[in-house]
Amino acid sequence: MIPVSLKLSNFTSYGENVPELDFTLFHLAAISGTNGAGKSSLLDAITWCIWGWSRAGDSSDQLVRLGAQNMWVQFIFELDGHEFIVKRRRSIKSGGATSLELWSKDHNLTEGTIKTTQEKIINLLHLSFETFTNSSFLRQGHADEFTTKGPTDRKRILADILGLAHYDQLEEKAKEKIKEADNKL
């Protein structure tokens, strides 16, 4: 996943009409500023948009700017030569409502529910929130998260990072072929 751009509105400390963050303008960046300036919020916006999770966990209402009723984040990324757009919105009016969209250029890839669209995004990226935050993005205050996990969880996360699930599928196919061959014999 290669970031292309980030747009947001009323997300944490950011209000409306926030300038777009165009990742294509630089190859390496350092985000610096005083406490509370919104550095971590930019990373939270990306993780919330893609996975629906941030430092606030899955509590989206805590991410809506104080005094605002709605927020949204749009994240564009490139993957395998294709550009994808993820848009997530949250309204806290009347009990709250969330929407999630997935696009590839002009093709709407959004499924019927947020859950199925979320699964589609995770399958597309081959990356869960947990794997991302234990490999590519170390959250503030959670740098030791991977090392404090149990052996089973560490093994699962490493398997996800290395893409070992593909080999599990190959193993299953090989077992089926062995079973077929045994039945023929």
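What counts as what
- Residues numbered from 1 in each chain as written.
- Predicted model: local features only at pLDDT ≥ 70, side-chain atom pairs only at ≥ 80, totals over all residues.
- Heavy atoms only, no water.
- Helix = DSSP H or I, 4+ residues; strand = E, 2+ residues; numbered from the N terminus.
- Buried < 20%, exposed > 50% of the residue type's maximum accessible area, 1.4 Å probe, protein only.
- Contact = heavy atoms within 4.5 Å.
- Pairing = 2+ DSSP bridges.
- Core = buried A, V, L, I, M, F, W, Y, C linked by side-chain atoms within 4.5 Å.
- Polar contact = N/O pair within 3.5 Å; in protein donor to acceptor, adjacent residues only side chain to side chain.

Asker: How should the side chain of D44 be read in this particular structure?
Answerer: Mapped onto the elements of the fold, D44 is located in helix 1 (residues 39-51). Among the residues examined, D44 registers a relative accessible area of 2% and is labelled buried. Setting aside anything within four residues of it in sequence, one finds D44 in contact with F11, W53, S54 and R55.

Asker: Looking at this model, I keep getting lost on the pairing of strand 4 (residues 82-91). Mind explaining?
Answerer: A regular strand places its side chains on the two faces of the sheet in alternate fashion. Looking at chain direction, strand 3 (residues 70-79) and strand 4 are connected through ten bridges and run antiparallel. Within strand 4, the residue paired with I76 across the bridge is I85. The loop that links strand 3 with its antiparallel partner strand 4 comprises two residues; one of these, D80, has a positive phi angle of about 55°. The turn joining strand 4 and strand 5 (residues 97-104), which pair antiparallel and follow one another in sequence, is formed by five residues; a positive phi near 50° is taken by S94.

Asker: Please explain the nonpolar core as it appears in this structure.
Answerer: Soluble globular proteins tend to bury their nonpolar side chains together. Among the nonpolar cores identified, the biggest contains 29 residues, and L6, L8, F11, V73, F75 and L125 are the most heavily contacted of them. Secondary structure elements with two or more residues in this core: strand 1 (2-9), helix 1, strand 3, strand 4, strand 5, helix 2 (114-125) and helix 3 (129-135). Of the residues forming this core, the biggest block, seven residues, is contributed by helix 1. Beyond its immediate sequence surroundings of up to four residues, L125 is in contact with M1, I50, W51, F77 and L79.

Asker: Is there a simple way to explain the pairing of strand 1 in this structure?
Answerer: Across seven bridges, the pairing between strand 1 and strand 3 is antiparallel. Note that in strand 3 the partner of S5 across the bridge is I76. Direction of pairing for strand 1 relative to strand 2 (residues 21-22): antiparallel, over a ladder of two bridges. Bridge assignment links S5 to a residue of strand 2, and that residue is D22.

Asker: Help me understand unusual backbone geometry, please; the structure alone is not making it clear to me.
Answerer: Generally, phi is negative for residues other than glycine and the peptide bonds are trans, each holding for most cases. The phi dihedral of D80 is positive, around 55°, even though this residue is not glycine. Mapped onto the secondary structure, D80 falls in the loop between strand 3 and strand 4. Residue class for D80 comes out exposed when judged on its relative accessible area of 70%.

Asker: Sorry if this is basic, but what is going on with the environment of T98 here?
Answerer: Structurally, T98 can be placed in strand 5. Each C-alpha atom, one on T98 and one on W72, is 9.5 Å from the other, the two residues being 26 residues apart in sequence. Setting aside anything within four residues of it in sequence, one finds T98 in contact with R88, R89, R90 and I114. A distance of 2.8 Å separates polar atoms of two side chains, one belonging to T98 and the other to R90.

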